[in-house]
Amino acid sequence: MTQGEQKQQVAREAIKYVVDDAYVGVGSGSTANYFIDELAKVKHRIKGAVASSIRTAERLKGHGIPVLELTAIDTLPVYIDGADEVTEHGAMIKGGGGALTREKIVAAVATKFVCIVDQSKLVGVLGGFPLPVEVIPIARSYVAHELVKLGGRPQLRANFITDNGNIILDVEDMRILNPVQLEARINNIVGVVTNGLFADRGADVILIGTDTGVRTLDAHKF
């Protein structure tokens, strides 16, 4: 089974977590795009969606799904998104597409976070994928120095500006043994908007596409 087919099957499985007559939070990236295409088939069941990026909003609207700003709603039963890496505990690295800040905000509001990935994204220890850090441009040099002190090797993501008008430093060579602690430490660096560690508020459910079907993990059991 190809990686695309694995992504497609978890996207279909994720539809089971969509709450009728409510809004659904929708993430960004290739796996989330598969989910959007599946969501379009049941759009009559939902009120609409909250998008975590401009690109996601455009894809949702292209399918005729109403898109609301997060400020316009009170509750969000579920947020469905992919990850660049995820552990069985529900800690993730996200932000390969650069939408980490908005993704983190929508995830914080949602009652349940369902992470959808192909099997290549499940890891024992986070850090193989470079950790994205969104930074206010004027703080680039200072933040980079502080990230080096934490043991990382920050690289400016070339020719990229986030939806919020900021830059991203991708931090390589990080073996992340305590993701909750590191998430807080990086967020406390002055000039950092947020980082791509989703550990303090990780996934509740992980749907993993495999060659033999969808594997479902309850992150709270580990």
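Quick note: structure is the one above.
Note that the structure is a prediction, hence the values are computed from the model and not measured.

Enquirer: Explain unusual backbone geometry to me, and be specific about the residues and the numbers.
Expert: The phi angle at Asp21 is positive, at roughly 55°, despite the residue not being glycine. Within the element layout of this structure, Asp21 appears in the loop between helix H1 (3-14) and strand E1 (23-26). One non-glycine residue, Asp173, lies in positive phi territory at about 65°. Mapped onto the elements of the fold, Asp173 is located in the loop between strand E9 (167-172) and helix H6 (179-187). We classify Asp173 as exposed; its relative accessible area is 55%.

Enquirer: Give me the lowdown on the sheet that holds E1, citing residues and values where you can.
Expert: Spatial strand order, E2-E1-E3-E6-E12-E13: six strands in an open sheet with mixed pairing. Of all the strands in the sheet, just strand E2 (48-51) and strand E13 (213-218) have a single pairing partner and so form its edges. Neighbour-to-neighbour, the strand axes of this sheet turn through a mean angle of 25°, independent of strand direction. In terms of strand pairing, strand E6 (residues 110-118) meets strand E12 (residues 205-210) through five bridges, oriented parallel. Considered in E12, the bridge of Cys115 is made with Ile206.

Enquirer: Describe in detail the pairing of E2, supporting the description with residues and values.
Expert: Of the two faces of E2, the one lined by Gly48 and Val50 and the one lined by Ala49 and Ala51 are each fully buried. Strand direction decides the pairing type here: E1 and E2, joined by four bridges, are parallel. Across the sheet, residue Val24 finds its bridge partner in E2, namely Ala49.

Enquirer: I'd like a rundown of H6, residues and numbers included.
Expert: Those residues of H6 lying buried are Pro179, Leu182, Glu183 and Ile186. All buried residues of H6 project into a common sector of 105° when viewed along the axis, lining one side. Looking at the buried positions of H6, the neighbouring elements they touch are helix H4 (100-109), strand E7 (131-135), helix H5 (140-149), strand E10 (192-195) and strand E11 (197-198).

Enquirer: Go over the pattern of salt bridges with me, naming the residues and quoting the values.
Expert: Scanning the model with the defined rule gives 14 salt bridges in all. Between Lys149 and Glu146 there is a salt bridge; the shortest N-O distance is 3.0 Å. Placement of both Lys149 and Glu146 in helix H5 is noted, with a separation of three residues, approximately one turn of the helix. Each member of the salt-bridge network shares a partner with another, and the members are Arg12, Glu38 and Lys41.

So, how was this worked out
Residues numbered from 1 in each chain as written. Predicted model: local features only at pLDDT ≥ 70, side-chain atom pairs only at ≥ 80, totals over all residues. Heavy atoms only, no water. Helix = DSSP H or I, 4+ residues; strand = E, 2+ residues; numbered from the N terminus. Buried < 20%, exposed > 50% of the residue type's maximum accessible area, 1.4 Å probe, protein only. Pairing = 2+ DSSP bridges. Axes fitted to C-alpha atoms, helices over the stretch in contact; angles between N-to-C directions. Arc of directions from axis to C-beta. Contact = heavy atoms within 4.5 Å. Salt bridge = Lys/Arg side-chain N within 4 Å of Asp/Glu carboxyl O.

Distances and angles like these do not, on their own, reveal function.
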